[in-house]
Amino acid sequence: GAGVSQSPRYKVAKRGQDVALRCDPISGHVSLFWYQQALGQGPEFLTYFQNEAQLDKSGLPSDRFFAERPEGSVSTLKIQRTQQEDSAVYLCASSLPGQAEKLFFGSGTQLSVL
Amino acid sequence: GDSVTQMEGPVTLSEEAFLTINCTYTATGYPSLFWYVQYPGEGLQLLLKATKADDKGSNKGFEATYRKETTSFHLEKGSVQVSDSAVYFCALLPRQGAQKLVFGQGTRLTINP
């Protein structure tokens, strides 16, 4: 596609609900990243895929966070039993393999947990 | 650990003013350094980068020089425009082959006509 597409653009959840955030990377980009951006802060790394393999999940803040990319294209970030501290913008980015210096970011999903 | 510190915002300037946004870093290896820009309602975009000491990155009139002796990568522009209003992020990749970008907290820039 023309760019990295994320949906939904905005998500409001009640505390304790599960949410799923979707990312469609640029066609042909085998590397895919998720970042979390709290209000007024810079993005923080969550996890990284190369094709369908999750190579690094060291940034996931708890076992309530789970990411998958089963066919090596679209990825879903799932947050179970959401808490207020999960409120943030979740950014997805993609790149060609080994080119983390040339990331293309989506516009993000803004999650608000009430 | 690796980290990036940016000057506190917000920064407000008049059109055609000179811009400097300070960025310093801490890294154990030999990082690559980046400036990303986030325009309202859009995703982060790479503005410029430098991969080794004394390299100068430049794009759209913006410049930044990788200074190893001062561990700095300050962003400059000689004459800003209203369209430069955005949030600017300094970032690093800790070493060649690394995949995790480390970002500063961002600096919001507003340019008034």
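Residues numbered from 1 in each chain as written. Chains lettered and ligands numbered in written order. Predicted model: local features only at pLDDT ≥ 70, side-chain atom pairs only at ≥ 80, totals over all residues. Heavy atoms only, no water.

1. Quick look at the overall build of chain B
Threshold: Counting from the N terminus, the helices are DSSP H or I runs at least four residues long and the strands are E runs at least two residues long. In what follows, residue pairs with any heavy atoms lying within 4.5 Å of each other are defined as contacts. Under the convention used here, a 1.4 Å probe and the Shrake-Rupley method define accessible areas, while residue burial counts only the protein chains that appear. For this count, His and the chain ends are skipped, Lys and Arg are scored as positive, and Asp and Glu as negative. For the purpose of locating charges, the reference atoms are NZ of Lys, CZ of Arg, CG of Asp and CD of Glu.
For chain B, the count of helices and strands is 0 helices and 12 strands. Tracing chain B from N to C terminus, the helices and strands come up as β-β-β-β-β-β-β-β-β-β-β-β. Projected onto its principal axes, the C-alpha positions of chain B cover 40 × 25 × 20 Å. Partitioning the intrachain contacts of chain B with sequence separation of at least 6 by distance along the chain shows that 56% fall at a separation of at least 24. A total accessible area of about 5400 Å² is found for chain B, and carbon and sulfur atoms account for 47% of it. One finds the centroid of the 10 positive side-chain charges in chain B at a distance of 8 Å from the centroid of its 11 negative side-chain charges.

2. Some details on the side chain of Gln36(A)
Residues and elements named next belong to chain A. Quick note on the threshold: In protein, a polar contact requires one atom able to donate a hydrogen and another able to accept it; more generally it is a pair of N or O atoms within 3.5 Å, and residues adjacent in sequence count only if both atoms are side-chain atoms.
Its location among the elements puts Gln-36 in strand β4 (residues 31-37). Only 2.9 Å separates the side chain of Gln-36 from the side chain of Tyr-90, close enough to count as a polar contact. With residues up to four places along the chain from it excluded, the contact list for Gln-36 reads Gly-42, Pro-43, Glu-44, Leu-46, Phe-65, Asp-86, Ala-88, Val-89 and Tyr-90.

3. Some thoughts on the pattern of salt bridges
For side chains bearing opposite charge, pairing can occur when the charged atoms are close. How we decide: Salt bridge, as used here, is a side-chain nitrogen of Lys or Arg placed within 4 Å of a carboxyl oxygen of Asp or Glu.
Throughout the structure, instances matching the rule amount to 8 salt bridges over all chains. Here Asp56(A) ties to Lys100(B) by a salt bridge, and the two come within 3.6 Å at their closest N and O atoms. Highlighted residues: Asp56(A) in strand β6 (residues 53-56) and Lys100(B) in the loop between β10 (86-93) and β11 (102-103), drawn from two different chains. With a closest N to O distance of 3.4 Å, Asp55(B) and Lys52(B) form a salt bridge.

4. A word on the nonpolar core
Residues and elements named next belong to chain B. Keep this limit in mind: To form a nonpolar core, buried Ala, Val, Leu, Ile, Met, Phe, Trp, Tyr and Cys residues must be joined to one another through side-chain atoms within 4.5 Å. Accessibility here uses a 1.4 Å probe with only protein chains present; expressed as a share of the type maximum, an area under 20% marks a residue as buried, one over 50% as exposed, and anything in between as partly exposed.
Judged by nonpolar contacts, the single largest core of 26 residues is most densely connected at Trp-35, Leu-47, Leu-48, Phe-73, Leu-75 and Tyr-88. Every element with two or more residues in this core is listed here: β2 (11-14), β3 (19-21), β4 (23-26), β5 (32-38), β6 (45-50), β8 (62-65), β10 and β12 (107-112). Among the elements that line this core, the one with the most residues is β10, at 4 residues. Ignoring any residue separated from it by four or fewer positions in sequence, one finds Tyr-88 in contact with Gln-6, Ile-21, Trp-35, Tyr-36, Val-37, Leu-47, Phe-62, Leu-75, Gly-106, Thr-107 and Leu-109.

5. Observations concerning unusual backbone geometry
Pro8(A) follows Ser7(A) through a cis peptide bond whose omega is -10°. By the secondary structure assignment, Pro8(A) is in the loop between β1 (5-7) and β2 (10-13). Following Gly9(B), the chain continues into Pro10(B) via a peptide bond in cis, with omega recorded as -10°. Within the secondary structure, Pro10(B) sits in the loop between β1 (3-6) and β2. The residue Asp54(B) is not glycine, and still its phi comes out positive at about 75°. Assignment of secondary structure puts Asp54(B) in the loop between β6 and β7 (56-59). The class for Asp54(B) is exposed, based on a relative accessible area of 54%. If you check the backbone angles, Lys60(B) has positive phi at about 55° while not being a glycine.

6. Quick look at the sheet that holds β3(B)
Residue and element names in this part refer to chain B. Put simply, the rule reads: By definition, two strands form a pair when at least two bridges between them are found by DSSP. Angular values range over 0 to 180 degrees, each being the angle between N-to-C directions of two axes fitted as lines to C-alpha atoms, with helices fitted over their stretch in contact.
Spatial strand order, β3-β9-β8-β7: 4 strands in an open sheet with antiparallel pairing. Both outer strands of the open sheet, β3 and β7, are each paired with one neighbouring strand and no more. Taken pair by pair, the neighbouring strands of this sheet meet at an average axis angle of 20°, ignoring direction. Here β7 runs beside β8; their pairing, made up of 4 bridges, is antiparallel.

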